[in-house]
Amino acid sequence: MKIHEYQAKELLAAEGAAIPRGVVANAVAQAQRAFDDFGGKPVVLKAQVHAGGRGKGHFKDSGKTFGGVKYVTTREDVGTVAEVMFNYPLVTKQTGDQGQRVSKVLVQVAADIEREIYLGMVLDRTLGVPVMMACAEGGVEIEEVAARAPEKILKAAVEPSAGLQPFQSRRLAYELGFKGGQVPAAEKIMHALSKVFLGKDCSLAEVNPLVVTPGGEVLALDAKMNFDDNALFRHPDVRAMRDEAEEDPGELRAARANLNFIRLSGNIGCLVNGAGLAMSTMDIIKYHGGEPANFLDVGGGVTAEGAIEAFRIILQDAKVKSILVNIFGGIAKCDLIAEALVKAGREVGFKVPVVVRLEGTNVDKAREILASVRGELPMIQTAANLTEAAQKAVAAVR
Ligand code: ADP
Ligand code: MG
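The rules behind the values
Residues numbered from 1 in each chain as written. Chains lettered and ligands numbered in written order. Predicted model: local features only at pLDDT ≥ 70, side-chain atom pairs only at ≥ 80, totals over all residues. Heavy atoms only, no water. Near = heavy atom within 4 Å. Polar contact = N/O pair within 3.5 Å; in protein donor to acceptor, adjacent residues only side chain to side chain. Areas by Shrake-Rupley, 256 points an atom, 1.4 Å probe, with all protein chains shown as cover. 1 Å grid on protein atoms, 1.4 Å probe; cavity = no way out; pocket = protein on both sides within 12 Å on 5 of 7 lines; lining within 4 Å. Points joined across faces, edges and corners; volume = space filled by probe spheres on them. Helix = DSSP H or I, 4+ residues; strand = E, 2+ residues; numbered from the N terminus. Nonpolar A, V, L, I, M, F, W, Y, C, P; charged D, E, K, R; others polar. Domains from an automatic or database assignment. Axes fitted to C-alpha atoms, helices over the stretch in contact; angles between N-to-C directions. Left-handed = near helix turned anticlockwise from the far one by under 90°. Contact = heavy atoms within 4.5 Å. Donors = N, O, S within 2.8 Å, 3.2 Å for Na, K, Ca; no water. Buried < 20%, exposed > 50% of the residue type's maximum accessible area, 1.4 Å probe, protein only. Salt bridge = Lys/Arg side-chain N within 4 Å of Asp/Glu carboxyl O. Pairing = 2+ DSSP bridges.

Our focus in this paragraph is the site of ligand 1. Taken together, 17 residues lie around ligand 1, and K46, R54, G55, Q108 and E116 are the ones closest in. A distance of 2.7 Å is found between an oxygen atom of ligand 1 and a side-chain nitrogen or oxygen belonging to K46. Between ligand 1 and R54, the relevant distance is 2.8 Å, taken from an oxygen atom to a side-chain nitrogen or oxygen of the residue. With the chains in place, 86% of the 540 Å² that ligand 1 exposes on its own is no longer accessible.

Here it is in structure tokens:
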């Protein structure tokens, strides 16, 4: 689960991090009132969407060139910019072409910036512990630095039971070139980030940029956090920050039906039992020149209801031009799956070819069931093995 910048900053501030003053506005007039309340000083209007890269984005069809982060100095400009932000979808590298609607705008007092630094924390799967990463070249494109000059990214491995140690934050602060009073100020933000990451079960937590002002102040200017969904049960405060408007409707619906579903950009829908089999199904589709439209693991104990809901979710996507059903019958027997398929075909109505590969327990019975509905459900095609299934699914979209 992801949260908005303003929410991530609240979590950091609660652990002692310094953040710029700001107010969340739900409407244009409220944004202008915030500007007045800050004494008419320059502010930055920041569209609150979960996607990153807002600063370099644009508002679709607005005719304006600014992105989701805009510096403004007058009450009138606050009005015109906020008007655009609330009324046009924001397109960034991470939103897709359709963009994302904005319902909240953070009005933040503009900071004078001398330096922008990157600070982040992720799980290092090789070391098996979280690592804090820092880079003197902060700002908008840390991925670019990671590709071009990975040695510029400083790292400190954090023992989860002990947390970030003072010697580690001190070393990072000196390596980043902080001087005098900036050192403890920067360390304070590092410790806040580490406490939130470990305490709230984050999978990623970033402050990008962390800035130094000409006056020597050190502030967390932007923050981004992702949380481990499997640990949300123990963080009701984080769960309360969920913004379903930011989430894929298909993914939300699948989560409610206990299906593991992730939307992808291709046009071949996949319905598979087991995450490993789902991964290899996507691989074989790509191997034969196709592009999967989704990852979908219906789970080991799939029911007819689960399978029907899965078909509905896949078919809601207009991009889907064929579906590959790949089931290894074990706990869920093949005949049960075949019956569910027939039921789904009758209820949902297959408008695109559905290529079925079944193997495992009761496969013969399943083949009989599918053969018996050949006239009634002509969109169902069977395949003798996975290669043939993938070839048929790919051929169907050509
Ligand atoms: P994103 O990462 O989504 O593009 P950021 O919040 O990081 O959004 O903003 C992008 C850039 O805009 C920052 O790197 C910084 O240069 C500038 N910026 C953001 N907030 C402020 C602020 N309060 N004052 C001055 N500049 C800001
Ligand atoms: Mg940023």
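After that view of the structure, there is still more to cover.
For the rest of this paragraph, the subject is the layout of surface pockets. The method is simple in principle: a probe with the dimensions of a water molecule rolls over the atoms, and the space it marks as empty is what remains. Size it by volume and the largest pocket reaches roughly 1400 Å³. As for the largest pocket, its lining consists of 33 residues, of which E247, D248, E251, F261 and I262 are closest to the centre. For the lining of the largest pocket, the secondary-structure elements that each account for two or more residues are α8 (249-256) and β13 (260-263). The element best represented in the lining of the largest pocket is α8, accounting for six residues. Split by residue class, the lining of the largest pocket holds twelve nonpolar, ten polar and eleven charged.

So, on to the domain arrangement of the chain. Domain annotation of the chain identifies domain 1 (21-109), domain 2 (115-239) and domain 3 (249-397). Taking the mean C-alpha position of each, domain 1 and domain 3 sit 42 Å from one another.

It is worth spelling out the packing of helix α2 (residues 28-37) against helix α3 (residues 75-87) at this point. Their axes nearest at 9 Å, the elements α2 and α3 cross at an angle of 145 degrees. In this structure, α2 meets α3 at a crossing whose hand is right-handed. Together, V28, A31, Q32, F35 and D36 of α2 and R75, V78, G79, A82, E83 and F86 of α3 make up the contact between the two elements. Classifying every residue of the contact of α2 with α3 by side-chain character gives six nonpolar, two polar and three charged.

Moving on, we get to the coordination of the magnesium ion (ligand 2). In this structure, N208 (O) and D222 (OD) serve as the protein donors to the magnesium ion (ligand 2), at separations of 2.1 to 2.2 Å. In this pair, N208 is assigned in strand β10 (residues 202-212) and D222 in the loop between β11 (218-220) and β12 (224-227), connecting sequence segments 14 residues apart. By relative accessible area, which is 19% here, D222 ends up buried.

The next thing to look at is the side chain of Q32. Mapped onto the secondary structure, Q32 falls in helix α2. The buried category is assigned to Q32, whose relative accessible area is 17%. From its side chain, Q32 meets the backbone oxygen of R75 in a polar contact 3.0 Å long. Not counting chain neighbours up to four residues away, the residues in contact with Q32 comprise R75, V78 and G79.

This part is about the pattern of salt bridges. A complete count under the given rule lists 25 salt bridges for this structure. Residue R312 is joined to E347 by a salt bridge in which the shortest nitrogen-to-oxygen separation is 3.2 Å. Separated by 35 residues along the polypeptide, R312 in helix α10 (residues 304-315) and E347 in helix α11 (residues 334-348) bring together distant segments of the chain. The exposure class of R312 is partly exposed, given its relative accessible area of 32%. Taken together, the shared-partner salt bridges connect E5, K9, K46, R54 and D222 into one network.

Strand pairing in a sheet is mediated by backbone hydrogen bonds. Such pairs are either parallel or antiparallel. Within the open sheet, the four strands sit side by side as β1-β6-β2-β4. Their pairing is antiparallel. Edge strands, defined here as strands with exactly one partner in the open sheet, are β1 (22-25) and β4 (69-72). Each adjacent strand pair in this sheet contributes to an overall mean axis angle of 20 degrees, direction not counted. In this structure, β1 lies alongside strand β6 (residues 105-109), joined through four bridges in antiparallel fashion. From the neighbouring strand, G22 faces β6, where its bridge partner is Q108.

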